Amino acid sequence: LKFLNKKSWHTACIKNQDRVWQAEEADKAFKRKELERAKQVAYEREKAEHQELLNKHSNAYEEKAEGKKTGALSFMYEPPPGLTSAPEEAV
């Protein structure tokens, strides 16, 4: 029955064992990358949550100290520093 090892479909064939090993290694690498991506996403999500909490608490503290409401993008609605008045456009 040694001739069975030379058949392309036999499990003891060296080529088939090599193909199985390569497929298993590729699967391990894929799972390892997937796990690393999941960890990275969890880290980014946690970092964003912490930053949001930090901004929320720091903004609340500033509101109490200054007596006005400030947001993360409030600087966009204020005139730039050094600009005393906007020039009037002639219509």
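The numbering scheme is per chain: residues are counted from 1 as the chain's sequence reads. With the structure being a predicted model, the display of local features is reserved for residues of pLDDT at least 70 and the display and counting of side-chain atom pairs for 80 or more, all residues being used for whole-chain, interface and lining totals. Where side-chain values are given, they derive from all heavy atoms of the structure, hydrogens and water being excluded.

What follows deals with the overall build of the protein. Helical segments are the DSSP runs of H or I of at least four residues, strand segments are the runs of E of at least two, and each set is numbered from the N terminus. Each helix and strand in the protein was counted, giving one helix and zero strands. Among the 91 residues that make up the protein, the fraction classed as buried is 5%. Here the open area of atoms and residues is found with the Shrake-Rupley method and a 1.4 Å probe, where only the protein chains shown may cover a residue. Approximately 9200 Å² of the protein is accessible, and the part contributed by carbon and sulfur atoms is 58%. When accessible area is computed with a 1.4 Å probe and restricted to protein chains, residues below 20% of their type maximum are described as buried, those above 50% as exposed, and intermediate ones as partly exposed.

The next subject is the side chain of His10. Looking at the secondary structure, you find His10 in the segment before helix H1 (14–66). Accessibility expressed as a relative area gives 18% for His10, which makes it buried. Apart from residues lying up to four places away in sequence, His10 is in contact with Leu4, Asn5 and Asn16. By the convention used here, residues are in contact when the closest approach between their heavy atoms is within 4.5 Å.

The salt bridge definition used is simple: a Lys or Arg side-chain nitrogen within 4 Å of an Asp or Glu carboxyl oxygen. Considering all chains together, one arrives at two salt bridges under this definition. Glu25 is the partner of Lys28 in a salt bridge, and the nearest nitrogen-oxygen pair spans 3.7 Å. With a gap of three residues between them, Lys28 and Glu25 both fall in helix H1, about one helical turn apart. The class for Glu25 is partly exposed, based on a relative accessible area of 33%. The salt bridge partner of Lys31 is Asp27, with a shortest N-O separation of 3.5 Å.

Further remarks concern the environment of Leu4. Here Leu4 shows up in the segment before H1. Leu4 gets classed as partly exposed once you look at its relative accessible area, which sits at 21%. If we skip the residues at most four places from it in the chain, Leu4 touches Trp9 and His10.

Tracing the chain through its elements places Asn16 in helix H1. With residues up to four places along the chain from it excluded, the contact list for Asn16 reads Ser8, Trp9 and His10.

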